[in-house]
Amino acid sequence: MTQEVAGRVVTGRVVTTRRAVNRNQPSIWAFRGALSRRAQIGIGVGTSVALLLIWEAVARSGLVNTTFLPSPTTVLGALLTMIQKQSLLWHAGVSTLRVWIAFTLAAVMAIPIGIMMSSYRVVGAALEPIIDFIRYLPVPALVPLSIIWFGVGENTKLYLLWLGTFFQLVLLVADDMRRVPQEYIEIAHTLGANTRQTLRDVAFRAMLPGLVDNLRITLGWCWTYLIIAEIVAADSGIGFVIWTARRYMKTPEVMAGVVVIGVIGLVTDQLLRALHRRAFRYL
Amino acid sequence: MTQAYLEFHGVTKRFGDLDVVAQPFDIAVARNEFVVFLGPSGCGKTTLMRMIGGLDTPSGGEISLEGTPVGGPDHRRGMVFQSYSSFPWLTVAENVLFGMRYRKDLTEREKLARRDHYLDLVGLYEFSNAYPNKVSGGMRQRVAIARTLAAGSDVMLMDEPFGALDAQRREKLQVELRAIQRRDAKTIVFVTHDVEEAVFLADRVIVFSKRPARIMADIDITERLGAERPLDLRDTPEFFQLRTAVLRLLREAAGDEAGDEK
Ligand SMILES: Nc1ncnc2c1ncn2[C@@H]1O[C@H](COP(=O)(O)OP(=O)(O)OP(=O)(O)O)[C@@H](O)[C@H]1O
Ligand SMILES: [Mg+2]
């Protein structure tokens, strides 16, 4: 343990000389201070476990009705049975697939359009009012309309997901592009790059870290809309599983469904973050 | 005066209702001339450079290169920006190489050789693989200088390029820049606040008044000091006198209230 602490201090000194000046052992409460990756994970896991233990204790103590708040172990039990008997993993797969199809579609459209909006004022001026209007429409409000248009099949769900993410993403992409420093563009131009080269080699490259971050965040929103879509019209997917379980007041199953979504979200998010760190080492 | 290469014809510039250059403005720069702009902070030197580079357009008049009006930016006019930006996603070496990315007249091998040469010149060779935000401000500035030198434009616009460098590095680069300019027949427009640097480097020093900018003085340095600029020129009485004279002009240009807006 002492060795570890010493190791951390030394690395701290190499990376930022300023910090280590007159404190050999920086407090973990130092304002905007550093915290090792290992410590961060440890603390995160610690809080989560503590919360689960409290929850378990409360559920077992009989203070609350377990129909409303089943204990974590009960939920875990339900989760395992659901995997075995109700092909929960298949439902999870279906949901994930829907999210990725709709999200990819939204991203593939939003990225070029967003870039154009910031690169050419005309495009921005033409599209911004429409996009801003649609963006503020809550997705649930559009459910009836999309059922009228697409029926209750797979298309409705994809459409709703696309609707929820595309318009948000377009504006985020446009913003990422707008934030690329004008000077980068000017450097490229004075080095003889034409517009296409400047966009590809400089502007796009400069906005990429922000873009990947925004994709990660919107992917999370996509899951929100997925559940709405699956509750309204589906015979498969996690939303469907949760909604069916609710009908029979099977709270553990409802919670198990929620947990699955949480786990998928957490894993995807961490994977994308890791990818971000790896791809943008220079940040 | 030799045949004009880069010319300002009656140039004026205003941003909204702020006059940067009010009186129409004529300067003729010869090919292979090293011109230094001196003037109080905020008088419009960067704006003039940007107009030459095609990044800003004059409100009136015209700037021409070899007789044709300059349009948007292109590879003939390279620029070292006052803020020394480099691309954060490229390493130091890749940034320098990027300077030649759109040059079709160089082979890949020549580009790499030039990259290494200029990295070495600015003393960044050992930091080749570092990313710009991991090196110091002065080093970032040298990345920008190396990139522009490597790009090898005919006209180099350098806006306070040596500002953040230590004295030795600065001297070394001054000597080198002067040599490059003479050897490769470059036309250089250079902005600095350092009068000694101005006199040491320039064929010609142009002193501007505070905003709205007017030309206060146009001093032919080469006529007085010759074209060769060995480092020990600085220790000669001629150099010292000229430096003092330019400094006095600059003081007048700034006005009695010392005119610095910083
Ligand atoms: N894009 C712009 N819009 C409005 N005003 C501007 C713009 N660019 C420059 N100015 C103004 O023009 C004037 C001249 O600016 P400039 O940057 O050319 O000065 P400078 O001589 O380079 O100063 P310094 O020596 O401090 O770099 C300043 O008053 C500045 O505020
Ligand atoms: Mg300036």
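What you see is a predicted model; the values in this text were computed from it and never measured.

Parameters and conventions
- Per-chain numbering applies: the sequence of each chain, read as written, is numbered from 1 onward.
- Think of it this way: whatever chain is written first is A, whatever ligand is written first is 1, and the rest follow in order.
- Two thresholds apply to this predicted model, a pLDDT of at least 70 for residue-level local features and 80 or more for giving and counting side-chain atom pairs, whereas whole-chain, interface and lining totals are computed over all residues.
- Neither water nor hydrogens contribute to the side-chain values; these are computed over all heavy atoms in the structure.
- Numbering of helices and strands starts at the N terminus; helices are DSSP runs of H or I of at least 4 residues and strands are runs of E of at least 2.
- The globule rule is 2.2 Å times the number of residues to the power 0.38, and the radius of gyration it is compared with is taken over C-alpha atoms.
- The cut-offs for exposure are 20% and 50% of the maximum accessible area for each residue type, with area from a 1.4 Å probe on protein chains only; residues under the lower value are buried, those over the upper are exposed, and the others partly exposed.
- Should any heavy atoms of two residues lie within 4.5 Å, those residues are considered in contact.
- All accessibility values rest on the Shrake-Rupley procedure with a 1.4 Å probe; residue burial counts only the protein chains present in the view.
- All tallies of charge rest on Lys and Arg as positive and Asp and Glu as negative; His and the ends of each chain are not included.
- By convention, the point assigned to a charge is CZ for Arg, NZ for Lys, CD for Glu and CG for Asp.
- These domain boundaries are the output of an automatic or database domain assignment.
- When two parts are put together, the accessible area they lose, computed with a 1.4 Å probe and summed over both, is reported as buried area.
- A pair is scored as a salt bridge if a Lys or Arg side-chain nitrogen falls within 4 Å of a carboxyl oxygen belonging to Asp or Glu.
- Polar contact criterion, stated in full: a pair of N or O atoms within 3.5 Å, where within protein one must be able to donate a hydrogen and the other to accept it, and residues adjacent in sequence count only if both atoms are side-chain atoms.
- When residues are grouped by polarity, Ala, Val, Leu, Ile, Met, Phe, Trp, Tyr, Cys and Pro land in nonpolar, Asp, Glu, Lys and Arg in charged, and all others, Gly among them, in polar.
- Throughout, near means a residue has at least one heavy atom within 4 Å of the molecule or strand.
- With axes taken as lines fitted to C-alpha atoms, and helix axes fitted only over the stretch in contact, angles between N-to-C directions fall between 0 and 180 degrees.
- Working definition: roughly parallel below 35 degrees, roughly antiparallel above 145 degrees, roughly perpendicular at 65 to 115 degrees, and oblique for all remaining angles.
- Crossings are sorted by hand: turned counterclockwise from the far helix by less than a right angle, the near helix makes the crossing left-handed, and turned clockwise it makes it right-handed.
- Nitrogen, oxygen and sulfur within 2.8 Å of a metal are treated as its donors, or within 3.2 Å for sodium, potassium and calcium (Na, K, Ca); water is not counted, so a site can appear incomplete.
- A pair of strands is treated as paired once DSSP finds two or more bridges between them.

Here we take up the overall build of chain A. Each helix and strand counted, chain A has eleven helices and zero strands in total. Reading the secondary structure of chain A in the N-to-C direction produces α-α-α-α-α-α-α-α-α-α-α. Against the compact-globule benchmark of 19 Å for 283 residues, chain A has a radius of gyration of 24 Å, which places it well outside the compact range. For chain A, the spread of C-alpha atoms along the principal axes amounts to about 70 × 65 × 30 Å. Every one of the 283 residues in chain A was classed for burial, and the buried ones make up 36%. When contacts within chain A are restricted to residue pairs at least 6 apart in sequence, those whose partners lie at least 24 apart make up 69%. About 16,800 Å² of surface is accessible on chain A, with carbon and sulfur atoms providing 67% of the total. Positive and negative side-chain charges of chain A, numbering 27 and 15 respectively, have mean locations separated by a distance of 8 Å.

This paragraph deals with the domain arrangement of chain A. Note on interface size: it is often stated as the accessible area lost on association of the parts. Residues and elements named next belong to chain A. Assigned domains of chain A: these are domain 1 (2-71) and domain 2 (80-279). Each of domain 1 and domain 2 has a C-alpha centre, and these two points are 31 Å apart. For the pair domain 1 and domain 2, the summed buried area comes to about 440 Å², and 68% of that belongs to carbon and sulfur atoms. When the buried surface of domain 1 facing domain 2 is broken down by residue, Arg 37, Thr 67 and Pro 70 rank first, second and third, together holding 70% of it. Run the count over domain 1 and domain 2 and you get zero salt bridges. Counting every contact that joins domain 1 to domain 2 gives one residue pair in polar contact (both at pLDDT 80 or more). Split into classes, the residues belonging to the side of domain 1 that touches domain 2 amount to four nonpolar, one polar and one charged.

So, on to the site of ligand 1. All names here are of chain B. Contacts to ligand 1 come from 15 residues, most closely from Ser 41, Lys 45, Thr 46, Thr 47 and Arg 211. Backbone polar atom of Gly 42 to an oxygen atom of ligand 1: 2.8 Å apart, as the coordinates give it. Protein coverage of the free-state accessible area of ligand 1, which is 640 Å², stands at 65%. Sorting the residues of the shell around ligand 1 by element identifies strand E2 (18-21) and helix H1 (45-53) as the ones contributing at least two each. The element that contributes the greatest number of residues to the shell around ligand 1 is H1, accounting for three residues. Taken together, the residues that form the shell around ligand 1 break down as four nonpolar, seven polar and four charged.

Once that is clear, we can look at the pattern of salt bridges. Taken as a whole, this structure holds 32 salt bridges over all chains when the rule is applied. A:Arg60 is paired through a salt bridge with A:Glu56; the nearest N and O atoms lie 2.7 Å apart. One end of the pair is A:Arg60 and the other is A:Glu56, both in helix H2 (residues 37-61) and four residues apart, which spans about a single turn. The class of A:Glu56 is buried, set by a relative accessible area of 13%. With a shortest N-O distance of 3.3 Å, B:Arg234 and B:Glu196 are connected by a salt bridge. Linking B:Arg234 in the loop between helix H7 (222-225) and helix H8 (237-254) with B:Glu196 in helix H6 (residues 195-201), this pair joins segments that are 38 residues apart in sequence. Judged by relative accessible area, B:Glu196 falls into the partly exposed class, the value being 29%.

On to the packing of helix H4 (residues 88-119) of chain A against helix H11 (residues 251-279) of chain A. Residues and elements named next belong to chain A. One can describe the packing of H4 onto H11 by two numbers: an axis separation of 11 Å at closest approach and a directional angle of 50°. Between H4 and H11, the angle is such that the two are oblique. Between H4 and H11 lies a crossing whose hand is right-handed. Touching Leu 88, Ala 92, Thr 96 and Trp 100 of H4 are Val 260, Ile 264 and Thr 268, all from H11. Here the residues of the contact of H4 with H11 sort into five nonpolar, two polar and no charged.

Further remarks concern the coordination of the magnesium ion (ligand 2). Six octahedral donors around a metal ideally subtend angles of 90 or 180 degrees, whereas four tetrahedral donors ideally subtend 109.5 degrees. Residues and elements named next belong to chain B. Within the protein, Thr 46 (OG1) and Gln 82 (OE1) serve as the donor atoms for the magnesium ion (ligand 2), at 1.9 to 2.4 Å. Of this pair, Thr 46 sits in helix H1 while Gln 82 sits in the loop between strand E7 (77-80) and helix H2 (92-98), and the two are 36 residues apart along the sequence. For Thr 46, a relative accessible area of 28% gives the class partly exposed. The partly exposed category is assigned to Gln 82, whose relative accessible area is 34%.

Let us now look at the sheet that holds strand E4 (residues 34-38) of chain B. Two modes of strand pairing occur in sheets, parallel and antiparallel, and in both the strands are linked by backbone hydrogen bonds. Residue and element names in this part refer to chain B. The strand order across the open sheet built from six strands is E7-E8-E9-E4-E10-E11, with neighbouring strands paired in mixed fashion. The strands lining the two open edges of the sheet, one partner per strand, are E7 and strand E11 (215-220). Pairs of neighbouring strands in the sheet enclose a mean axial angle of 15°, with direction left out of account. Strand direction decides the pairing type here: strand E8 (residues 155-159) and strand E9 (residues 187-191), joined by five bridges, are parallel. Following the sheet pairing, Met 156 is matched in E9 by Ile 188. Docked against the sheet, helix H4 (residues 137-151) engages E7 and E8, running at close to 170° with respect to E7.

If you look at the interface, chain B gives 24 residues, while chain A gives 18 residues. Connecting chain B to chain A are two salt bridges. Close ionic contact of B:Arg101 with A:Asp201 constitutes a salt bridge, the shortest N to O distance being 3.4 Å. At the junction of chain B and chain A, the tally comes to six residue pairs in polar contact (both at pLDDT 80 or more).

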